Amino acid sequence: MSIVYLNGQYLPAAEACVPVLDRGFIFGDGVYEVIPVFGGHPFRCDEHLARLENSLAEVRIPRPCERAEWSQLFSRLIAQNGGGDLSLYLQVTRGPAARDHALPAHPTPTVFAMCNPLRPLPTTVREAGITAITHEDIRWARCHIKAISLLPNVLLRQEALDAGAAEAILIRDGMATEGAASNLFAVIDGVLTTPPKGPRLLPGITRDLILELAHDNDIPAHEAEIPQAALVTASEIWVTSSTREIVPVTTLDGRAVGEARPGPVFRRMDALYQAYKANFASTAQA
Ligand code: PDD
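Below you will find a few notes about this structure. (Residues numbered from 1 in each chain as written. Predicted model: local features only at pLDDT ≥ 70, side-chain atom pairs only at ≥ 80, totals over all residues. Heavy atoms only, no water.)

Topologically, D22 is positioned in the loop between β2 (9-12) and α1 (23-27). C-alpha of D22 to C-alpha of T194: the two residues are 172 residues apart in sequence and 37 Å apart in space. Leave out the neighbours within four places in its chain, and D22 touches T93, G95, P96 and T110. Side chain to side chain, D22 and T93 meet in a polar contact 2.7 Å long. (Helix = DSSP H or I, 4+ residues; strand = E, 2+ residues; numbered from the N terminus. Contact = heavy atoms within 4.5 Å. Polar contact = N/O pair within 3.5 Å; in protein donor to acceptor, adjacent residues only side chain to side chain.)

What follows covers the site of the ligand. Neighbouring the ligand are 20 residues, the closest being Y32, R51, E178, T206 and S242. Side-chain polar atom of T206 to an oxygen atom of the ligand: 2.6 Å apart, as the coordinates give it. Out of a free accessible area of 480 Å², the ligand has 89% covered by protein chains. One can see that the ligand is located within the largest pocket. Breaking the shell around the ligand down by element, the ones donating at least two residues are β3 (30-38), β9 (175-179), α6 (205-216) and β14 (236-241). Class assignment for the residues of the shell around the ligand results in 6 nonpolar, 10 polar and 4 charged. (Near = heavy atom within 4 Å. Areas by Shrake-Rupley, 256 points an atom, 1.4 Å probe, with all protein chains shown as cover. 1 Å grid on protein atoms, 1.4 Å probe; cavity = no way out; pocket = protein on both sides within 12 Å on 5 of 7 lines; lining within 4 Å. Sits in = over half its atoms within 2 Å of the grid points. Nonpolar A, V, L, I, M, F, W, Y, C, P; charged D, E, K, R; others polar.)

This paragraph deals with the sheet that holds strand β5 (residues 86-93). Strand order in the open sheet formed by 6 strands is β2-β1-β6-β5-β3-β4, with antiparallel pairing between adjacent strands. Bordering the open sheet on either side are β2 and β4 (41-42), each of which pairs with just one other strand. As paired strands, strand β1 (residues 3-6) and strand β6 (residues 110-117) are joined by 2 bridges and run antiparallel to one another. Bridged to Y5 within β6 is A113. Lying over the sheet, helix α2 (residues 45-59) contacts β3, β4 and β5, oriented at roughly 175° with respect to β3. (Pairing = 2+ DSSP bridges. Axes fitted to C-alpha atoms, helices over the stretch in contact; angles between N-to-C directions.)

On to the environment of F25. In this structure, F25 sits in helix α1. Measuring from C-alpha to C-alpha, the distance between F25 and S71 comes to 26 Å, with 46 residues separating the pair along the chain.

Overall, the coordinates contain 10 aromatic pairs when judged by the stated rule. Note on F43 and Y276: the rings are 5.9 Å apart at their centroids and 70° apart in plane angle, and the pair reads as edge-to-face. Of this pair, F43 sits in the loop between β4 and α2 while Y276 is found in helix α8 (residues 264-285), placing the two residues 233 residues apart along the sequence. Residue classification places F43 among the buried residues on the basis of a relative accessible area of 2%. Through pairs of rings, three or more aromatic residues link up here, namely F38, F43, Y273, Y276 and F280. (Phe/Tyr/Trp six-rings, centres within 6.5 Å; stacked < 30°, edge-to-face > 60°. Buried < 20%, exposed > 50% of the residue type's maximum accessible area, 1.4 Å probe, protein only.)

Tallied over the full model, the rule gives 1 cavity of 30 Å³ or more. Its boundaries defined by the atoms lining it, the largest cavity holds a volume of some 40 Å³. Taken together, S235, E236, I237, W238, P248, V249, T250, V257, R261, P262 and G263 form the lining of the largest cavity. (Points joined across faces, edges and corners; volume = space filled by probe spheres on them.)

Here we take up the nonpolar core. Judged by nonpolar contacts, the single largest core of 27 residues is most densely connected at W70, F74, L88 and L90. Elements with a minimum of two residues in this core: β1, β3, α2, α3 (67-80), β5 and β6. Those residues in contact with W70, other than ones at most four positions away along the chain, are L49, L52, P64, C65, L90, V92 and V111. Within the second largest apolar cluster, 21 residues are counted, among which are A214, V265, L272 and A281. (Core = buried A, V, L, I, M, F, W, Y, C linked by side-chain atoms within 4.5 Å.)

Moving on: the pattern of salt bridges. One pass over the structure, following the stated rule, counts 20 salt bridges. For E53, the salt bridge goes to R67, with nearest N and O atoms at 2.8 Å. One end of the pair, E53, is in helix α2; the other, R67, is in helix α3, with 14 residues separating them in the sequence. Among the ionic contacts, a cluster of salt bridges with common partners joins D46, E53, R63, E66 and R67. (Salt bridge = Lys/Arg side-chain N within 4 Å of Asp/Glu carboxyl O.)

Let us now look at unusual backbone geometry. One non-glycine residue with positive phi stands out, namely D173, at about 50°. Judged by relative accessible area, which is 64%, D173 ranks as exposed. For D253, which is not a glycine, the phi torsion comes out positive at approximately 50°.

Next comes the structure, spelled out in structure tokens:
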């Protein structure tokens, strides 16, 4: 059984309990991170922790740990779960308090972390891509906060699954923003394009690394709005996240994207991403 971390204790998942009055349970009042772990080492850890600190500040939950303490917690939890390649889930809620919308004066945040298996993208997906749908973005106006209240995202992903697709690409005011649980890239007129950061989308860690790799390898790329109509003519569309990495979308709303197979920019970026990861795992090990 997997070992989880809860408020200072490392214990089997089945034994970890949170009070029913925890505001995470009552209000969905909390934030989270999903950090990939390669060769036992959290990938882009500082970037994930910076985003966590930003989410905490935005929702006014006191910071429960400093960076060094998070690192110690992660190392111990990863070791107790056998190391290797994992997905580390970390959640901080405002903690237990009498049910009241107003913020408690002296919150005691609940800190929970667990490790899950990290499965590489199946070869079939790397070779054939996925199907996606577009859908109106039904979420709130602060999507840059990685909040645990994910009901709209859950419903949007299910809409995609019900339509025989794997992801929903969200549209707000005619612009494509991101996926239900991923960021969005499109190759438009030969230029790799992703929407600029702001309250309409999560500032993805994978997204930032892709832009960095594009810059370092002279792949034309920029941050610009993607009108919904541009998705129809884009030669490539990808969705990206820490757990799935770069996933090519080859059918959108029942129409082929480009030549209906993962394109050359995807193949190049995926190779760069895999090489970057391999280098990280070998240098972190040393
Ligand atoms: N989700 N946008 C949304 C709405 C997301 O939920 C995610 C990731 C991303 C990609 O961010 P990153 O590259 O930092 O993983 C973008 C995680 C994996 C999840 O909720 O499980």
